[in-house]
Each structure stands twice: as structure tokens, then as C-alpha cells.
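One-letter residues, chain by chain:
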Amino acid sequence: MSIFTVPRNVFETETCIIGTTENTGRGIFAKHDIPEGNTIGLITGEEHYEGNQTLTDVHGNENWIGIGKGTWIDPDFPFSFVNHSCNPNAGIQGSIEVVAMRQIEEGEEITIDYSITEEDLRWRLLSQCLCHQPGCRGEIKSIQFLPRETFEKYLPHIPDYFARAYRSYHHL
């Protein structure tokens, strides 16, 4: 099945297009090769400033992307379709710039590790991870639970606030 199952003029940007994934429904795919370090796009959308008081709050907005302490973005297209991977090819610099962590080939799904956008120790992905990548962690939790080797591999592609939260939690 072609990744271009959605009309191109409706769901595409300069760098990516929405397509059908093998295991999660829809995702973002590269329209052309994206060299390591290149910007894929900026996360835009409505910002929300809320404290997580209960577990319902923690898990209530599964598509939101954390950009700072108590601050999330309900992402606009295309990042409303970004999927998780335990071996992502994209990360976030600063707080909203999505960049290629390695060369991304044309037609390859663009993924991030959801752990890099959440610091609430109670947060976890409510389903088992579906990435099927080598080294899959199975259960996805907030950034503090990333193995140190993984954290260091992702740098500098972790939003600044969340990198500080990890270092503080681990007394680094």
C-alpha cells in the first residue's frame, strides 16, 4: 500500500505527508530525503497551561506535546500525526523545532520518542509500545525513566526544559 493514501494537497507540507502506517493508523512520512540536523517543521497549535492534579489530568490529553513546565501544545498538522518510536529519527531542539536526528529517507515514517515531551512521574503511554524497534522499551514513561544511554544519545534533540528535568532527577 502506498504511503500517499491521503490526497497530497490536503495533508502535506514542504517536508512531509500523512500516510498509513503498518501498526498505528496514520503517521508522518518524509516527502524527500531529510539530512541529519535539518528542520522538519515547527510544532504549532493551541497552548495549554494546566497543572496535573489527578491521573485523569495526566492522561487526559494524549496528543498534547509538552514544551515546558505545565505547558503543552495541542499540535496542529502535521505533528498531530507524529508517532512514537523507541528508536526515533527525529527529536526536538529548543522547545518546538522538530529536527532530523539522523538521515531520514524519502517515504520513511518520521517519529519521536514521546518520553522527551513529558516530565510528570505519573505519566505513561496508556498502551504498550507498538514501535517494534530493536531495543523497544515496551512501556513508555516520562523522561526521567529513559535509560541514561538513551538520554545521552538523544541530546541535543530533547526540549531544553525536559533535559533539565532529567538531569535534576538524576542529580547530574
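Calculation rules
- Residues numbered from 1 in each chain as written.
- Predicted model: local features only at pLDDT ≥ 70, side-chain atom pairs only at ≥ 80, totals over all residues.
- Heavy atoms only, no water.
- Helix = DSSP H or I, 4+ residues; strand = E, 2+ residues; numbered from the N terminus.
- Buried < 20%, exposed > 50% of the residue type's maximum accessible area, 1.4 Å probe, protein only.
- Contact = heavy atoms within 4.5 Å.
- Areas by Shrake-Rupley, 256 points an atom, 1.4 Å probe, with all protein chains shown as cover.
- Pairing = 2+ DSSP bridges.
- Axes fitted to C-alpha atoms, helices over the stretch in contact; angles between N-to-C directions.
- Patch = residues over 30% accessible without salt bridge, like charges linked within 9 Å, V, L, I, M, F, W, Y side chains within 5 Å.
- Salt bridge = Lys/Arg side-chain N within 4 Å of Asp/Glu carboxyl O.

(A) Looking closely at the overall build of the protein. Broken down by element type, the protein carries three helices and ten strands. Reading the protein from its N terminus to its C terminus gives the helix and strand order β-β-β-β-α-β-β-β-β-β-β-α-α. Sorting the 172 residues of the protein into buried and exposed places 44% on the buried side. Within the protein, contacts between residues at least 6 apart in sequence are counted, and of these 61% link residues at least 24 apart. Put simply, the protein shows about 9000 Å² of open surface, and 48% of that area lies on carbon and sulfur atoms.

(B) View of the sheet that holds strand 6 (residues 71–75). Spatial ordering of the open sheet is given by 4-6-5, a layout of three strands whose pairing is antiparallel. At either end of the open sheet lies a strand with only one pairing partner, and these are strand 4 (45–49) and strand 5 (65–68). For this sheet the average axis-to-axis angle between neighbouring strands, irrespective of direction, equals 35°. Direction of pairing for strand 5 relative to strand 6: antiparallel, over a ladder of three bridges. Note on strand 6: the bridge partner recorded for Gly66 is Trp72.

(C) Main features of the environment of Gln128. With respect to the helices and strands, the residue Gln128 is situated in the loop between strand 10 (109–112) and helix 2 (148–154). Gln128 sits twelve residues away from Ile140 along the chain, and the two C-alpha atoms are 7.6 Å apart. Excluding its chain neighbours within four sequence positions, the residues that come into contact with Gln128 are Gly138 and Glu139.

(D) Structural view of a nonpolar patch on the surface. Taken together, the side chains of Leu121, Phe145 and Tyr169 make up a nonpolar region of the molecular surface, amounting to roughly 280 Å² of accessible area. Among the structural elements, Phe145 can be located in the loop between strand 10 and helix 2. A residue is classified by how much of its surface remains accessible, and Phe145, at 38% relative accessible area, is partly exposed.

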